[in-house]
Amino acid sequence: MKKIIVTLLIILLCIANVSLATENTTIEKEETIPVANSEEFVQQIPGIINDGKSEYKLLDVGTKENYKTVTKEKTVQDKLIVTTNDKYKVLQMFNTTKSYIEDDYVGVLNVDINSLAIKINDRYTEEYKVYLQKDYINLDSNEINYIEKEIVQDGTTYYLINPAWEIAKTEDIEGGTIHVKYNGMMYYEGIKTRTIIKDYVATINYLGNLEKQEVESVTYIMKYEKIEQDTNYIVPIAIAGGSIFFCSGIILFRKKKAKKVHKK
């Protein structure tokens, strides 16, 4: 029974020794560097490091980019050609928001209704006729010599085009009737000009912030592997019951049989 217990203890010691021999042989180190200094950092990554016990050589360098959000204010103007200068109607023609992309910046801008401006875009001038009537009462004659041939009113010159007469008063003389008074209705014609607006140009502003993702720093993950020394050694662990057990870094476990000595 004593031999069995000793043997088990020896086996446990060998397992512990093997565990030490198979310990983790790689380590990782991380460094987060501002993107402006990343190239300089890469050039200075050591190929061999020492943790005070062992040396390790560089196996691999992985990277992870870390982003930050950058914003900027933006104002853009939109315009439409419209046929009315009614601000309420024109506002209904514009979208309330506008998606916008500029140099990797993206965002949604909101309409600024107070910035709406409407100006004449296309127009032309035309002439048209206007008319004026002037009445003359109780004239002694129906001759136009006593009638104004031209009348200027509100900057427009009117020309007599159609005189109309009616008898206002008659008298009986020696058995006959004569016309002694006339009423005249004089019609005048003038030419005016007016501007016809075909359409308007309406402009409005959209305001807001644009955002983009920008690399702020780079995280470097450096993987190192332990530089192995020669571990092909044999260490005696214990002697029990005439049997000697050995353990090594490659799990060398042997038992030497004890030789029996016979007396003659």
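Right above here is the structure, for reference.
Residues numbered from 1 in each chain as written. Predicted model: local features only at pLDDT ≥ 70, side-chain atom pairs only at ≥ 80, totals over all residues. Heavy atoms only, no water.

### So, the overall build of the protein chain
Along its length, the protein chain carries three helices and eleven strands. When the elements of the protein chain are put in sequence order from the N terminus, they spell out α-β-α-β-β-α-β-β-β-β-β-β-β-β. Across the 264 residues in the protein chain, those meeting the buried criterion constitute 25%. In the protein chain, the proportion of contacts linking residues at least 24 apart, taken out of those at least 6 apart, comes to 73%. For the protein chain, the accessible surface area stands at approximately 19600 Å², while carbon and sulfur atoms represent 49% of it. (Helix = DSSP H or I, 4+ residues; strand = E, 2+ residues; numbered from the N terminus. Buried < 20%, exposed > 50% of the residue type's maximum accessible area, 1.4 Å probe, protein only. Contact = heavy atoms within 4.5 Å. Areas by Shrake-Rupley, 256 points an atom, 1.4 Å probe, with all protein chains shown as cover.)

### As for the nonpolar core
Of all hydrophobic cores here, the largest spans 13 residues; its most connected members are Val90, Phe94, Leu116, Ala202 and Tyr206. Elements supplying a minimum of two residues to this core: strand S3 (55-82), strand S5 (105-139) and strand S8 (176-226). Ranked by residue count, the leading element in this core is S8, at five residues. With near-sequence residues (within four places) excluded, Phe94 lies in contact with Asp78, Lys79, Leu80, Leu116, Ala202, Ile204 and Tyr206. (Core = buried A, V, L, I, M, F, W, Y, C linked by side-chain atoms within 4.5 Å.)

### Points about a nonpolar patch on the surface
Together, Tyr131, Tyr159, Ile161 and Tyr187 line one region of the surface with nonpolar side chains, adding up to about 430 Å² of accessible area. Within the fold, Tyr159 resides in strand S7 (residues 156-173). (Patch = residues over 30% accessible without salt bridge, like charges linked within 9 Å, V, L, I, M, F, W, Y side chains within 5 Å. Salt bridge = Lys/Arg side-chain N within 4 Å of Asp/Glu carboxyl O.)

### Some points on the pairing of strand S4 (residues 97-102)
Alignment of S4 against S5, held across six bridges, turns out to be antiparallel. In the strand pairing of S5, Glu102 is matched with Tyr105. Between S4 and S5, which pair antiparallel one after the other, the connecting turn spans two residues, and Asp103 there sits at a positive phi close to 50°. (Pairing = 2+ DSSP bridges.)

### Considerations on the pattern of salt bridges
All chains considered together, the criterion is met by nine salt bridges. Across the pair Glu102 and Lys74 runs a salt bridge whose closest N-O atoms are separated by 2.9 Å. Of this pair, Glu102 sits in strand S4 while Lys74 sits in strand S3, and the two are 28 residues apart along the sequence. Accessibility expressed as a relative area gives 19% for Glu102, which makes it buried. Between Asp78 and Lys98 there is a salt bridge; the shortest N-O distance is 3.4 Å. Residue Asp78 is located in strand S3, and its partner Lys98 is located in strand S4; the two are separated by 20 residues in the primary sequence.

### Quick word on the environment of Gly208
You can see Gly208 is positioned in strand S8. Excluding its chain neighbours within four sequence positions, the residues that come into contact with Gly208 are Lys72, Glu73, Lys74 and Leu109.

### A closer look at the environment of Tyr128
Secondary-structure assignment places Tyr128 in strand S5. For Tyr128, the residues in contact, after removing those within four places along its chain, are Gly190, Ile191, Lys192, Thr193 and Arg194.

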